[in-house]
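Coordinate inspection notes
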Amino acid sequence: MNLVVLTGAGISAESGVPTFRASDGLWEGHRIEAVATPEGFAADPALVQDFYNQRRRHLAKVAPNAAHRALADLAARWRGDFLLVTQNVDDLHDRAHVETPPAPGFELIHMHGELLKARCTASGAVYYWTGDLETAHASPHHPQGVLRPHIVWFGEMPLAMERIEAALEACDLFVSIGTSGAVYPAAGFVQLARMAGARTVEINLEPTQGARLFDEGVYGPATEAVPAFFD
Ligand code: BV8
């Protein structure tokens, strides 16, 4: 049995990580779609670095919740392929799977990048990065490169798309957790899973705009709905 789980900001909400829509998509008066873009970074690198520096610092104050841990427990006992694709850039899934190591068929993909990584704009080299990134943070790897957040901005290609699409085409069960289905290509994954003949389930605080695309819906806070669904 092959499983693909997609998570969004809603799975980290009860850990104290703000979701995008709850902040009505604004950050310090700027639309997130304007800050989280290459153009935004070029126009005002200090603003964009600060947007990510603040969220990177916030990670030290949050911890995985019962929903992250339920997925880690599932990954430890799952027999078969289990791909966990997260749109989240926090490290809460990573920490949950360190606490409870997964079985061999498991893989975690951060399709929109990770707050705790930085990338050299010249060479593309990626570094684990826990501190603040300054505006023109010289790359340790490339003299004329600067370090940017290793984050997929709007208009940029998400990571590992071929791997994700291959898993969706082979999956038997697709579960979407805590995502509004507002952002593509993640919002289209349920259609790929349906075309592969998978059973599709949406787990969310309340029905999303894409609810009718799923065979089933399970509604409530993730820390209750996720453990209950996978128990
Ligand atoms: C691409 C990193 C092409 C940044 C993110 C017009 C102009 C320009 C682009 C487009 C356009 N129209 C469409 C596009 C494409 C665009 C897009 O979809 N835009 C949207 C706004 C219309 N997509 C892209 O640009 C993507 N790239 O298309 O590339 C391409 C092709 C070839 C070559 C080159 C390029 C890239 C998208 C990635 C952007 N980066 N993140 C950062 O984090 O700072 S997206 C960002 O927003 C998040 O990562 C996340 O993915 C998304 C927010 O979505 P959610 O996670 O769903 O969060 P949200 O708050 O919306 O929802 C939370 C849900 O949880 C709610 O449903 C709520 O009910 C629920 N919830 C709340 N509490 C709980 C709960 N559930 C359970 N329990 C709770 N307690």
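Treat the numbers as computed from the prediction; the structure is a model and nothing was measured.

Turning our eyes to something else, we now look at the pattern of salt bridges. In total, this model carries eight salt bridges according to the counting rule given. Between R31 and E33 there is a salt bridge, with the nearest N and O atoms lying 3.1 Å from each other. Taking relative accessible area as the criterion, R31 reaches 44% and is therefore assigned partly exposed. Judged by relative accessible area, E33 falls into the partly exposed class, the value being 31%. Its salt-bridge partner being R194, residue D215 comes within 3.3 Å of it at the nearest N-O pair.

What follows concerns the sheet that holds strand β4 (residues 82-86). The six strands lie next to each other as β5-β4-β1-β9-β10-β11, forming an open sheet whose pairing is parallel. Each edge of the open sheet carries a strand with a single partner, namely β5 (106-110) and β11 (216-219). For this sheet, the mean angle separating the axes of adjacent strands, direction not counted, is 15 degrees. With respect to the sheet, helix α5 (residues 92-99) is in contact with β1 (3-7), β4 and β5, its orientation differing from that of β5 by roughly 160 degrees. Sitting on the sheet, helix α6 (residues 161-169) touches β1, β4, β5 and β9 (173-177), and the angle it makes with β4 is about 130 degrees.

So, on to the UniProt feature "binding site: substrate" (unreviewed entry) in the protein chain. When the UniProt feature table is mapped onto this chain numbering, "binding site: substrate" (unreviewed entry) sits at Y52 and R55. The topology assignment puts Y52 in helix α3 (residues 45-58). The residues touching Y52, leaving out its near neighbours within four places in the chain, are A36, L115, P149, I151 and W153. Along the polypeptide, R55 turns up in helix α3. Residue R55 is classed as partly exposed on the basis of its relative accessible area, which comes to 22%. Setting aside anything within four residues of it in sequence, one finds R55 in contact with F20, V89 and L115.

Let's shift gears to the domain arrangement of the protein chain. One can read the domain layout of the protein chain as domain 1 (1-17 + 64-112 + 158-231) and domain 2 (20-61 + 113-151). Inter-centroid distance (C-alpha atoms) of domain 1 to domain 2 is 25 Å. Summed over both partners, the interface of domain 1 with domain 2 buries about 950 Å², with 54% contributed by carbon and sulfur atoms. Of all residues in domain 1, V89, D91 and H112 bury the most surface against domain 2, accounting for 40% of the area lost on that side. Counting across the domain 1 and domain 2 interface gives zero salt bridges. Scanning the region where domain 1 abuts domain 2 turns up four residue pairs in polar contact (both at pLDDT 80 or more). Grouping the amino acids of the side of domain 1 that touches domain 2 by side-chain chemistry returns seven nonpolar, five polar and four charged.

Parameters and conventions
Residues numbered from 1 in each chain as written. Predicted model: local features only at pLDDT ≥ 70, side-chain atom pairs only at ≥ 80, totals over all residues. Heavy atoms only, no water. Salt bridge = Lys/Arg side-chain N within 4 Å of Asp/Glu carboxyl O. Buried < 20%, exposed > 50% of the residue type's maximum accessible area, 1.4 Å probe, protein only. Pairing = 2+ DSSP bridges. Helix = DSSP H or I, 4+ residues; strand = E, 2+ residues; numbered from the N terminus. Axes fitted to C-alpha atoms, helices over the stretch in contact; angles between N-to-C directions. Contact = heavy atoms within 4.5 Å. UniProt positions renumbered as here; feature names shortened; annotations may be inferred. Domains from an automatic or database assignment. Buried area = accessible area lost by both parts, 1.4 Å probe. Polar contact = N/O pair within 3.5 Å; in protein donor to acceptor, adjacent residues only side chain to side chain. Nonpolar A, V, L, I, M, F, W, Y, C, P; charged D, E, K, R; others polar.

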